[in-house]
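Chain residues, written in single-letter form:
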Amino acid sequence: MPDEDQPPVAAVFFAFRIMVGIGLLTVLLGLASLVLRWRRRLFESRSLLRATVAMGPLGFVAIVAGWVTTEVGRQPYTVYGWLLTGNSASPVDAPAVAASLTAFVIVYCVVFGFGIWYLLRMMRSGPAATESGSIDKPRNLHSSFLKQPAGKAES
Amino acid sequence: MIDLPTVWACILAFAVLVYVVLDGFDLGIGIVFPLLGKEENRASAMNSVAPVWDGNETWLILGGGGLFAAFPLAYAVLMPALYAPMIAMILALIFRGVAFEYRWRDPAHRSFWDRGFHLGSLAATCSQGIVLGTIVQGIDVEGRAYVGGWWDWVSPFSVMCGIALTAGYGLLGTTWLVLKATGDLRERAYVLARVAGITTLVFIGVVSLWMPFLSPEIAARWFTFPQLVFVLPVPTLTAVLAGLLGWGLIARRDAVPFPASIGLFGLCFAGLGIGLYPFIVPGAISIQEAAAPDGSLRFMLVGALILLPMILAYTAYSYWIFRGKVDPDSGYH
């Protein structure tokens, strides 16, 4: 393959390995949990619980790495072998693209910033002690609010 | 005459109309949100649409995705022309969408998210009106590409369409509240619906008189003799439904104004179709010219014919489950 038809190899190389590596770690965590469940120690093993918490954000990392793999990996094409990225761009002026990108970054920062804050706050407060249902039935965030009157969900 | 592109144009027109009517009323609630008064009213209004609003927006995806798949040329020509209002609409919809969840999670910032809900709804509606106005008045096309700039959408007609659609969605939102709400919220909704109704009817008149001046072809459709007979039912029915809406709002029949408003939107949509057919990019590209190859259209039609009835069925089911007045004391959240 001629050089100009190749994607930036380093980005694809590492992104792919990060994605697959995290995938394998996830499988490993699943197997470890299974073994501990067998030995009836799943909810007691501190190290496994810590590892599970640590693995939490890695899912997002794997998704982004996978996305980098496909998007960078198919360069310089949009449709592999048929349509070059340069030829597939819309006739939109550069300032328009810059303005929309800036707007998206700002809106995403606000929305995700608040979202992550709420998520962490919910995790800190933990499952409600009054929640009915067994341990097999995880707490449904919406259903707990269904029973309360509108506008009083926060109390 | 019924070829595959025409079938797909009908499917897309249907998706867009359903989107406009369904998301119209929940955007409308965002538009009048600051005028609803106390927190109980706001909570009730939000809860009246909370179970259905995100389902309503799936029709926008069908409209946009369908345009991309079935009429790629129209998509490629229209989207660059509509870049700014489209991006504004998407960002506004993100903001207003998360407000549904966040306002309950975070009472300390509730006024911030309420403002986000209101301004997001307003901006999304204005953008949609501007998009419609820009498409109707025509864009600069050479060959198979848009050749205008990214501010071409600014014109008196498109801005007027943005304001007109705000009034129209406001009407859908307030008549929905008339249908669903009780007590003080219902009283306020009646007052707001009367204002929105008069404003909407004035704008329907203005757009109807303005459109023929945009192009002689549109004028010919409406004002020459043989066609006149076929298009006359549209203004006649509009007058009938306007009367019905007025009666429902004055005689306080809760179930009348909302269906009458939907009917008015349907007729406006039919009027647009009469003015624009067979163009998908007015004055430049016809439905047939913009269509994907028949093989693609046939392939997608199979999926559409299976999925559309399913979507319609579960949509109808969810509205049926949440039918009747909203109980102010029991929230969706």
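Basis of the calculations
- Residues numbered from 1 in each chain as written.
- Chains lettered and ligands numbered in written order.
- Predicted model: local features only at pLDDT ≥ 70, side-chain atom pairs only at ≥ 80, totals over all residues.
- Heavy atoms only, no water.
- Helix = DSSP H or I, 4+ residues; strand = E, 2+ residues; numbered from the N terminus.
- Rg over C-alpha atoms; globule rule 2.2 N^0.38 Å.
- Contact = heavy atoms within 4.5 Å.
- Core = buried A, V, L, I, M, F, W, Y, C linked by side-chain atoms within 4.5 Å.
- Buried < 20%, exposed > 50% of the residue type's maximum accessible area, 1.4 Å probe, protein only.
- Phe/Tyr/Trp six-rings, centres within 6.5 Å; stacked < 30°, edge-to-face > 60°.
- Lys NZ or Arg CZ within 6 Å of the ring centre and 35° of its normal.
- Domains from an automatic or database assignment.
- pLDDT = per-residue confidence, 0-100.
- Salt bridge = Lys/Arg side-chain N within 4 Å of Asp/Glu carboxyl O.
- Disulfide = S-S within 2.5 Å.

**Considerations on the overall build of chain B**
Tallying secondary structure elements over chain B gives 14 helices and four strands in all. Over its C-alpha atoms chain B spans a radius of gyration of 20 Å, differing by no more than 12% from the 20 Å that the globule rule assigns to 333 residues. When its C-alpha atoms are laid out on the principal axes, chain B stretches across 55 × 40 × 40 Å. By sequence separation, contacts in chain B at least 24 residues apart represent 78% of the contacts at least 6 residues apart.

**A closer look at the nonpolar core**
One finds Phe71(B), Tyr169(B) and Ile280(B) to be the most contacted residues of the largest nonpolar core, which totals 113 residues. The leading source of residues in this core is helix 1 (residues 4-31) of chain B, at 15 residues. With residues up to four places along the chain from it excluded, the contact list for Ile280(B) reads Leu67(B), Phe71(B), Ala74(B), Leu78(B), Ile135(B), Ile285(B), Ser286(B), Ile287(B) and Ala290(B). Leu36(A), Leu42(A), Leu48(A) and Met55(A) belong to the second-largest nonpolar core, a separate cluster that totals five residues.

**Let's talk about the packing of aromatic side chains**
Inspection of the entire model under this criterion finds 28 aromatic pairs over all chains. Where Phe114(A) meets Phe112(B), the ring centres are 5.7 Å apart and the plane angle is 25°; that geometry is what we call stacked. Placement of the pair is Phe114(A) in helix 5 (residues 94-125) and Phe112(B) in helix 6 (residues 110-137), with the two residues belonging to separate chains. On the basis of relative accessibility, which here comes to 34%, the residue Phe112(B) falls in the partly exposed class. Through a chain of ring-to-ring contacts, the aromatic side chains of Phe114(A), Trp117(A), Tyr118(A), Phe95(B), Tyr102(B), Phe112(B) and Trp113(B) assemble into a single cluster. Here Arg252(B) stacks its cationic end above the ring of Tyr190(B), 4.6 Å away from the centre of that ring.

**Concerning the domain arrangement of chain A**
Domain boundaries assigned for chain A yield domain 1 (1-89) and domain 2 (91-126). Each of domain 1 of chain A and domain 2 of chain A has a C-alpha centre, and the two are 22 Å apart.

**With respect to the confidence of the model for chain A**
Mean pLDDT over chain A: 81, with 82% of residues reaching 70 or higher. Low pLDDT, under 50, characterises residues 132-155 of chain A; the predicted model gives this stretch 37 contacts beyond four residues in sequence or across chains.

**Examining the environment of Gly116(B)**
All names here are of chain B. Tracing the sequence through the fold places glycine 116 in helix 6. Distance in space between the C-alpha atoms of glycine 116 and tryptophan 222 is 41 Å, their sequence separation being 106 residues. If we skip the residues at most four places from it in the chain, glycine 116 touches Phe95, Arg96 and Ser121.

**Comments concerning the pattern of salt bridges**
Under the criterion given, the structure shown has 15 salt bridges over all chains. Two residues, Arg121(A) and Asp106(B), come together in a salt bridge whose shortest N-O distance is 3.9 Å. Residue Arg121(A) is found in helix 5, and its partner Asp106(B) is found in the loop between helix 5 (83-105) and helix 6; the two belong to separate chains. By relative accessible area, Asp106(B) is classed as buried at 1%. The shortest N-O distance in the salt bridge between Lys325(B) and Asp254(B) comes to 2.8 Å. One end of the pair, Lys325(B), is in the segment after helix 14 (294-321); the other, Asp254(B), is in the loop between helix 11 (233-250) and helix 12 (257-276), and 71 residues separate them in sequence. Overall, the relative accessible area of 38% leaves Lys325(B) in the partly exposed class. Relative accessible area serves as the criterion here: at 16%, Asp254(B) is assigned to the buried category.

**Topic: the confidence of the model for chain B**
Taken over all residues, the pLDDT of chain B has a mean of 89, while the share at 70 or more is 98%. Of all secondary-structure elements in chain B, the lowest mean pLDDT belongs to helix 10 (residues 225-231) of chain B, at 78, while helix 7 (residues 156-180) of chain B reaches the highest, 94.

**Observations regarding the state of the cysteines**
The final tally for this structure, using the stated rule, is zero disulfides over all chains. No disulfide involves Cys10(B); its sulfur sits 19 Å from the nearest other cysteine sulfur, which is in Cys268(B).

**Comments concerning the environment of Phe60(A)**
Residues and elements named next belong to chain A. By the secondary structure assignment, phenylalanine 60 is in helix 3 (residues 58-73). On the basis of relative accessible area, phenylalanine 60 is assigned to the exposed category, the value being 61%. Taking the C-alpha atoms as reference, phenylalanine 60 lies 26 Å from valine 97; in sequence the two are 37 residues apart.

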